[in-house]
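Overview (structure and organization)
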Amino acid sequence: MNEGIPPEGPRARTPHGDLSLEEIAESLPGTADLMALIGTAWWKCAHAARGGNWELAGYFARRVRATGRRLAVVRPKYGADIARFEEERIAPVLAATQEQDADAFETAFAAATDEANAFHAKWGKSYIRWTLPSEPPRDLDLGPR
Ligand code: HEM
């Protein structure tokens, strides 16, 4: 029995105990953790655009993009879908924030949301249908400067 014998390979020493690389890798945020971040940023992105704080809307669109890239690293099986989503769906949202074009933003945002939900269905989670909360976030100034 191997009980009590640490697995081979490099280990990180922490005040709480030693961790293997596998244990560290397994502790990284997973899909659900990163998607929760994406959902919050996506919600704030829409309300920032609607409020006229276009820089903030762009900031949150980039947060969604960056978090998607993190997901592609920890779960490579989603990499191709994430790359396509970034290229075809996030890019037009970002462009609309840069041009401060409210109509283009709404169209791109709705198309991206539909596609995100199609990806949820593709990966066996058709019950995850993201919808935009009507309430704006209360922790940020959403108005134009
Ligand atoms: C703006 C776009 C997106 C939004 C707002 C969004 C939102 C969400 C939310 C809120 C969840 C539930 C998270 C929780 O457990 O609390 C979720 C789960 C999930 N999303 Fe997304 N999503 C987006 C894009 C995508 C894309 C492009 C993919 C493609 C791979 C994807 C794949 C998944 C998967 C596989 C899950 C299930 C999590 C699991 O298996 O543990 N999502 N998403």
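Before reading on, note that the structure itself is shown above.
Figured I'd write up the structure that's included with this text. (Residues numbered from 1 in each chain as written. Predicted model: local features only at pLDDT ≥ 70, side-chain atom pairs only at ≥ 80, totals over all residues.)

Turning our eyes to something else, we now look at the overall build of the protein chain. For the protein chain, the count of helices and strands is five helices and two strands. In the protein chain, the succession of α and β elements from N to C terminus is β-β-α-α-α-α-α. Relative to the globule expectation of 15 Å for 145 residues, the C-alpha radius of gyration of the protein chain, 19 Å, shows a markedly less compact shape. Counting only C-alpha atoms, the protein chain reaches 65 × 35 × 25 Å along its principal axes. Within the span of the protein chain, comprising 145 residues, buried residues form 23% of the whole. Sequence separation of 24 or more characterises 51% of the internal contacts of the protein chain that already satisfy a separation of 6 or more. (Helix = DSSP H or I, 4+ residues; strand = E, 2+ residues; numbered from the N terminus. Rg over C-alpha atoms; globule rule 2.2 N^0.38 Å. Buried ≥ 20, exposed ≤ 12 C-beta atoms within 10 Å, placed from the backbone. Contact = placed C-beta atoms within 7 Å.)

Counting residues in each nonpolar core, the largest one holds 25 residues, and the members touching the most others are C45, A49, A57, F60, A61, V64 and V93. Elements represented by at least two residues in this core include exactly α2 (31–51), α3 (54–74), α4 (79–99) and α5 (102–122). The element best represented in this core is α2, accounting for eight residues. Those residues in contact with V64 that lie beyond four places of it in its chain are I38, A41, W42, C45 and I90. (Core = buried A, V, L, I, M, F, W, Y, C linked by C-beta atoms within 7 Å.)

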